[in-house]
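The residues making up each chain are set out below.
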Amino acid sequence: MSQIIRVLVVDDHVIVRRGIRALLATEDGIEVVGEAEDGQQALERIDVLQPDVILLDLLMPNMDGIEVTRRVMESKPETRILVLTSFAADDKVFPAIKAGALGYLLKDTGPRELVRAIRQVDAGESSLSPTIARKVLQELSRPSDRPPTAEPLTEREVEVLQVVARGLSNQEIAADLMISEATVRTHVSNILGKLHLASRTQAALYALREGLASLDEPGG
């Protein structure tokens, strides 16, 4: 519990970055380790600073936040991404979540809610603004446009899916299920293929929709 949450603030407005830095400076257990003003700079800083949580704007020059999210999830899937943006439109919300963002907040979020969201996302829990949560729940209520493959998930794949839904990294899943990370990667790949899903976040949402996991499940 004494581990410091290392946060990288990515936003093209300096006043926003400095405001967030000042806010988080007053919080125990959270440290802003750096800032970035665009997507390309963010990727460079992530490699150097190895943050636990990336507080990420979506609309930025050089590379937008959705592309940053995709690239980070491909190279560092254990990193938690918390979107903080002014945009609640479907064409921003769902691509960000599908790319792997674990949280999505609007910039009218209060300071306490932001701090709580950083801690939740670091723990592998989803954190969504009420407006965004309603959109996600509506999306979950829609039937999938592609049926799952005729080949059902194995018992082990269901176990892995349930742990993925808790937000654990491959390393944490391997330790939890006492299997190798390579085996976890294989299972996750098989799950995404069988269910026609593009990301771990989509897999987590599928698990919620199918009743294999719940939002109030303990994180460990």
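Source: prediction; values computed, not measured. (Residues numbered from 1 in each chain as written. Predicted model: local features only at pLDDT ≥ 70, side-chain atom pairs only at ≥ 80, totals over all residues. Heavy atoms only, no water.)

Trainee: I tried to follow the pattern of salt bridges on my own but got confused; where do I start?
Mentor: Two side chains bearing opposite charge may form a pair once their charged atoms approach each other closely. Counted by the stated rule, this structure contains 13 salt bridges. With a closest N to O distance of 2.8 Å, Asp11 and Lys107 form a salt bridge. Here the residue Asp11 occupies a position in the loop between strand 1 (5–10) and helix 1 (14–24), and Lys107 occupies one in the loop between strand 5 (103–106) and helix 5 (111–122), the gap between them amounting to 96 residues. Note on Asp11: relative accessible area 2%, which makes it buried. On the basis of relative accessibility, which here comes to 31%, the residue Lys107 falls in the partly exposed class. (Salt bridge = Lys/Arg side-chain N within 4 Å of Asp/Glu carboxyl O. Helix = DSSP H or I, 4+ residues; strand = E, 2+ residues; numbered from the N terminus. Buried < 20%, exposed > 50% of the residue type's maximum accessible area, 1.4 Å probe, protein only.)

Trainee: So what exactly am I meant to see when it comes to helix 7 (residues 155–164) here?
Mentor: Residues lying three or four places apart along an α-helix face the same way, a consequence of the helix completing one turn every 3.6 residues. Turning to helix 7, its buried residues number three or more, namely Glu157, Val160, Leu161, Val163 and Val164. Viewed end-on, helix 7 has its buried residues packed into an arc of 165°, placing them on one side of the element. Each element contacted by the buried residues of helix 7 is listed here: helix 8 (170–177), helix 9 (181–195) and helix 10 (200–209). (Arc of directions from axis to C-beta. Contact = heavy atoms within 4.5 Å.)

Trainee: Quick question: what am I supposed to make of the nonpolar core here?
Mentor: Side chains of nonpolar character tend, in soluble globular proteins, to be buried together. Counting residues in each nonpolar core, the largest one holds 29 residues, and the members touching the most others are Val10, Val72, Ile81 and Tyr104. With five residues, helix 4 (residues 90–99) is the single largest residue contributor to this core. Counting 20 residues, the second largest nonpolar core, distinct from the first, contains Val160, Val163, Ile173 and Ile191. (Core = buried A, V, L, I, M, F, W, Y, C linked by side-chain atoms within 4.5 Å.)

Trainee: Help me understand the pairing of strand 3 (residues 53–56) in this model?
Mentor: Consecutive side chains of a regular strand alternate in pointing toward one face of the sheet and then the other. Every second residue of strand 3 is oriented toward a common face, with Val53 and Leu55 on one face and Ile54 and Leu56 on the other, all of them buried. Sheet topology places strand 1 next to strand 3; four bridges connect them, and they run parallel. From the neighbouring strand, Leu8 faces strand 3, where its bridge partner is Ile54. Regarding topology, helix 3 (residues 65–75) serves as the crossover connection from strand 3 to the parallel strand 4 (residues 80–85), and that connection is right-handed. (Pairing = 2+ DSSP bridges. Right-handed = clockwise from strand over helix to strand, strands pointing away.)

Trainee: Would you mind going over the sheet that holds strand 1 with me for this structure?
Mentor: Strands in a sheet are paired, the pairing made by backbone hydrogen bonds, and the direction either parallel or antiparallel. Read from one edge of the open sheet, six strands run 2-1-3-4-5-6, paired in parallel fashion. Only two strands of the sheet have a single partner each, and these edge strands are strand 2 (30–36) and strand 6 (127–128). In the sheet, strand 4 pairs with strand 5 via four bridges, with the strands oriented parallel. Counterpart to Val83 in the pairing with strand 5 is Tyr104. Against the sheet, helix 1 touches strand 1, strand 2, strand 3 and strand 4, its axis set at about 165° to strand 2. (Axes fitted to C-alpha atoms, helices over the stretch in contact; angles between N-to-C directions.)

Trainee: How should the packing of helix 2 (residues 39–49) against helix 3 be read in this particular structure?
Mentor: For the pair helix 2 and helix 3, the least separation of the axes is 9 Å and the interaxial angle reads 25°. If you check the angle between helix 2 and helix 3, you find them roughly parallel. The way helix 2 lies across helix 3 gives a crossing that is right-handed. Contact residues: Gly39, Leu43 and Ile46 in helix 2; Val68, Arg71 and Val72 in helix 3. (Parallel < 35°, antiparallel > 145°, perpendicular 65-115°, else oblique. Left-handed = near helix turned anticlockwise from the far one by under 90°.)

Trainee: Any chance you could explain unusual backbone geometry here in plain terms?
Mentor: With glycine set apart, most residues show a phi of negative sign, and most peptide bonds adopt trans. In this structure, Gln50 is a non-glycine residue whose phi angle is positive, near 50°. Residue position: Gln50 is located in the loop between helix 2 and strand 3.

Trainee: Even after reading the chapter, I still don't get the environment of Glu67, so can you show me in this structure?
Mentor: Looking at where Glu67 falls in the secondary structure, it is placed in helix 3. Residues Glu67 and Ala96, spaced 29 residues apart in sequence, show a C-alpha to C-alpha distance of 8.6 Å. A polar contact is formed between the side chain of Glu67 and the side chain of Arg70, at a distance of 3.1 Å. (Polar contact = N/O pair within 3.5 Å; in protein donor to acceptor, adjacent residues only side chain to side chain.)

Trainee: Mind showing me how you'd approach helix 1 here?
Mentor: Within helix 1, the full set of buried residues consists of Arg17, Ile20 and Leu24. The arc that holds every buried residue of helix 1, seen down its axis, measures 70°, which confines them to one face. In this structure, the buried residues of helix 1 make contact with strand 1, strand 2, strand 3, strand 4 and helix 5.

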